[in-house]
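The residues making up each chain are set out below.
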Amino acid sequence: MNLSPLPARPPKDTPKGANMSDKPDLNAISHDLHAVRLEKLAQLRANGEDPFRANWNQSHISSECAKLLPEGVEEGPEVSVAGRVVAIRVMGKASFVKILDRAGIQQCYFTRDALTERYDTHFKKLVDLGDFIGVRGKLFRTKTGEVTVRAADYGLVSKAVRPLPEKWAGLTDAEKIYRQRYLDLVVNEESRNRLLIRSRVIESIRKFLWSRQFTEVETPALHSVAGGAAARPFETHSNALDCDFYLRIALELHLKRCLVGGMDRVFEIGRVFRNEGVSIKHSPEFTMLEAYQAYTDYRGMMELVRSLIQTVCKEVLGQTVVTRPDGVAIELGGEWREAKYKDLIIERTGDAQWFSRSKEEKIAACKKLGLEEPRTDWEDFEVTNEIFGKLIEPTLLQPTFVTHIPKELCPLAKVTVGDDSTIDVFELCINGQEIAPAYSEQNDPGVQRKMLEIQAGAETQKIDEDFLLALEHGMPPAGGLGIGIDRLVILLTGAANIRDVILFPTLGPDKNA
RNA sequence: GGCCGGAUAGCUCAAUGGUAGAGCAGUUGACUUUUAAUCAAUUGGUUCGGGGUUCGAGUCCCCGUCCGGCCA
């Protein structure tokens, strides 16, 4: 290695641009961080080193290094670590360098004694915050107790020609956090952990369902009829088939076809798309788990979802209590409260006769309760559901199964025996949000057709005839469950916004680009 | 769609209508156990875009763009 030092700083009275050297003067461009780093890259290449053609053998990650040096032991084995440089503290002939790998941060110790002139001419001059390096050396413990790699050798294996965000405040601009999530992941540990938890939640869900002998399947995202929920779909077009498609708004109708086909325990974790408002709780694309189990019903789904959430929570967080950003603790362990929809409404309105009131009386009551006036074209049940959605659901912080829901709200569920007005379903509410609905699935093709026709009204093209045909071939009695994965992760991480648990949330095109 | 708030150096933020600043990052130097290292010096600005008011606009007014929040 024969590196020439950077050109010396010119005398103070030298005007800008007066540098006669062949190489661009870093002093002259020191305000332009991109240019400075490009110049360093050019110097590396001029010296026969190309960081983009280099690599490094990673023998250990940061979390493993700590275990290799137990308390009381002075020096550990040699390790070879690699990661992004996120901190450099130079103190003359010795420096501390922190690198970030998939497990976290590993400190390394660089000295002139070990690295000779390369320490001054290469490390100090050409390695920047944000670069990727590999470091080989023995572990030791600093006097403050931090396990550190004493660098015997290191290599520059990728150069960042753009700077990292500020090290202390990190990245706070909301748009940049979402648009340049990679930077957020590098500098904001909270974001990194939150999104890693999401991944572990999904892993844990799969393991749980596999242990219950569920089969994981993949069903189409392009639907000719957007069914299984009430939502406005995204539309697209197939050139090859010369027809329009909708992006799916639910997984339900294809998973039920799997039940018809004899896959009697089946689930899918998949992206669904709804062309509706974007908010703190709503993303145009989000991830649903739907699971269907034959020969059980919504009561069976209660046990399934409670076990699932409790198992996942314990496995990922190591406990069953989660804390909201406002400090309120939510206990997910033990049995969960059950409450009938009608009882909650009567309790909240203080009107035992609520369900025999006229629509006009209900609308008047809504105004009294401080709600915006419901639209007059709403159906009677929609006025009542406004009270549930606005005044009851947000208060259900502790896990609550809301049961005996009006049948108009869920056309795909079985009607309760002995009460024609309700259906055998629950809505699991936690953290003031609907986390998981579950049904005793409707498998009577005649009743199902009637319910879908009522829901579709004049828009008969919205009826999935192929699904009804499948039902006519016979679907076993089954319980079905849906879980909004994003909302579950919000619950488990204490996130404030659905976008904080989605790596790359939906954004419009970057107008500044 | 409505209302409110925001956009200033690479990043995080200041700036009564009167010379656009600080910290970090960068550059130069000192420093062999730091923890936001420290110390000294120093570079860096189309104040989101377009109009207007004014002797003078980052600041006030109008229009627009984008972002965020609340509501629908």
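Structure: above.
Criteria and cut-off values
Starting from 1, residues in each chain are numbered consecutively following that chain's sequence as written. Working convention: letters from A go to chains and numbers from 1 go to ligands, in the order in which they are written. The predicted nature of this model means local features are confined to residues of pLDDT at least 70 and side-chain atom pairs, given and counted, to a pLDDT of 80 or more, with totals for whole chains, interfaces and linings taken over all residues. In computing side-chain properties, one takes all heavy atoms of the structure into account and sets aside hydrogens as well as water. By convention in these notes, a residue is near a molecule or strand provided one of its non-hydrogen atoms lies within 4 Å of it. The definition of a polar contact used here is a pair of N or O atoms within 3.5 Å, where within protein one atom must be able to donate a hydrogen and the other to accept one, and adjacent residues in sequence count solely through side-chain atom pairs. Each helix is a run of DSSP H or I of at least 4 residues and each strand a run of E of at least 2, with the numbering of both proceeding from the N terminus. Exposed residues in this analysis have more than 50% of their type's maximum accessible area, buried residues have under 20%, and partly exposed residues fall in between, with area computed by a 1.4 Å probe over protein chains only. One requirement defines pairing of two strands: DSSP has to find at least two bridges between them. Expected helix span is taken as 1.5 Å per residue step, with the number of steps being one fewer than the number of residues. The arc in question is traced by the directions running from the helix axis to the C-beta atoms. A contact between two residues is defined here by any heavy atoms of the two lying within 4.5 Å. Aromatic contacts are taken between Phe, Tyr and Trp rings whose centres are within 6.5 Å, Trp giving its six-membered ring; a plane angle under 30 degrees counts as stacked, one over 60 as edge-to-face, and the others as tilted. Criterion for a charge above a ring: Lys NZ or Arg CZ within 6 Å of the ring centre, and within 35 degrees of the ring normal. Salt bridges are defined as contacts in which a side-chain nitrogen from Lys or Arg sits within 4 Å of a carboxyl oxygen from Asp or Glu.

Before going further, it helps to spend a moment on the protein's contact with RNA strand B. In the neighbourhood of RNA strand B, 48 residues make up the surrounding shell, with Asn27, Arg89, Asp113, Thr144 and Arg499 lying closest. Sugar plus phosphate, as a fraction of atoms of RNA strand B within 4 Å of the protein: 63%. One of the side-chain nitrogen or oxygen atoms of Lys40 is found 2.4 Å away from a phosphate oxygen of RNA strand B. In this structure, Val90 approaches RNA strand B through a main-chain N or O atom, which is 3.1 Å from a base nitrogen. Of all elements in the fold, only α1 (33-46), β1 (75-91), β2 (94-101), β3 (104-111) and α5 (174-179) reach the threshold of two or more residues within the surface near RNA strand B.

Another aspect to go through is the pairing of strand β10 (residues 265-273). Of all 9 residues making up β10, 7 are buried, and the element is well covered by its neighbours. Bridge count for strand β6 (residues 215-216) against β10 is 2 bridges, and the pairing is parallel. Residue pairing in the sheet places Glu216 in a bridge with Phe267 of β10. Sheet topology places β10 next to strand β11 (residues 285-294); 9 bridges connect them, and they run antiparallel. Bridging from a neighbouring strand, Glu268 pairs with Glu290 of β11.

Moving on: helix α13 (residues 445-456). Relative to the 16 Å expected for 12 residues at 1.5 Å per residue, α13 spans 16 Å between its end C-alpha atoms, a close match to the ideal helical length. Gln448, Met451, Leu452 and Ala456 are the residues of α13 that are buried. Relative to the axis of α13, the buried residues are bounded by an arc of 130° and lie together on one face. In α13, those exposed residues whose orientation departs by more than 90 degrees from the buried face are Lys450 and Ile454. On its buried face, α13 sits against α14 (465-472). Among the residues of α13, the N-terminal cap falls to Asp444, whose side-chain oxygen and the backbone nitrogen of Gly446 are separated by 2.8 Å.

Enumeration according to the criterion identifies 9 aromatic pairs in this entry. Centre to centre, the rings of Tyr109 and Phe140 are 5.6 Å apart; their planes meet at 55°, and the pair counts as tilted. Of this pair, Tyr109 sits in strand β3 while Phe140 sits in strand β4 (residues 132-141), placing them 31 residues apart in sequence. Relative to Phe426, the ring of Phe401 has its centre 4.7 Å away and its plane inclined at 70°; by these criteria the two rings are edge-to-face. Residue Phe401 is located in strand β15 (residues 400-406), and its partner Phe426 is located in strand β16 (residues 422-430); the two are separated by 25 residues in the primary sequence. Here Phe401 matches Phe426 in class, with each residue buried. Site record: aromatic cluster; members linked through ring pairs are Phe110, Tyr119, Phe123 and Tyr154. Above the face of the Tyr154 ring, Arg118 is positioned so that its terminal group lies 4.2 Å from the ring centre. Directly above the aromatic system of Phe355 lies the positively charged group of Lys342, at a separation of 5.4 Å from the ring centroid.

This part is about unusual backbone geometry. Backbone geometry places Thr116, a non-glycine residue, at a positive phi of 50°. With respect to the element layout, Thr116 can be found in the loop between α3 (112-115) and α4 (117-126). Exposure remark for Thr116: the relative accessible area of 41% places this residue in the partly exposed category. Residue Tyr295 is not a glycine yet carries a positive backbone phi of 65°.

So, about the pairing of β16. The buried fraction of β16 is high, at 9 of 9 residues. Relative to β16, β15 is paired through 6 bridges, and the arrangement is antiparallel. Bridging from a neighbouring strand, Pro406 pairs with Thr422 of β16. With 6 bridges joining them, β16 and strand β17 (residues 433-440) adopt antiparallel strand pairing. By the bridge assignment, Phe426 is partnered in β17 with Ala438. Counting the residues between successive antiparallel strands, the hairpin from β16 to β17 contains 2 residues, one of them, Asn431, with a positive phi of roughly 65°.

One open sheet holds the 3 strands; their spatial order is β7-β9-β8, and the pairing between them is antiparallel. Two strands close off the open sheet at either side, each with one partner strand: β7 (222-223) and β8 (235-238). With 4 bridges connecting them, β8 and strand β9 (residues 243-247) associate as antiparallel partners. Paired with His237 across the strands is Asp244, a residue of β9.

Attention shifts here to the pattern of salt bridges. A side chain of one charge can pair with a side chain of the opposite charge when the charged atoms of the two come close. Counting across every chain of the model gives 32 salt bridges. Glu465 is paired through a salt bridge with Arg449; the nearest N and O atoms lie 2.7 Å apart. Of this pair, Glu465 sits in helix α14 while Arg449 sits in helix α13, and the two are 16 residues apart along the sequence. Residue Glu465 is classed as partly exposed on the basis of its relative accessible area, which comes to 41%. A salt bridge links Lys462 to Glu459; its shortest N-O distance comes to 3.2 Å. Each member of the salt-bridge network shares a partner with another, and the members are Lys40, Asp128, Asp131 and Lys159.

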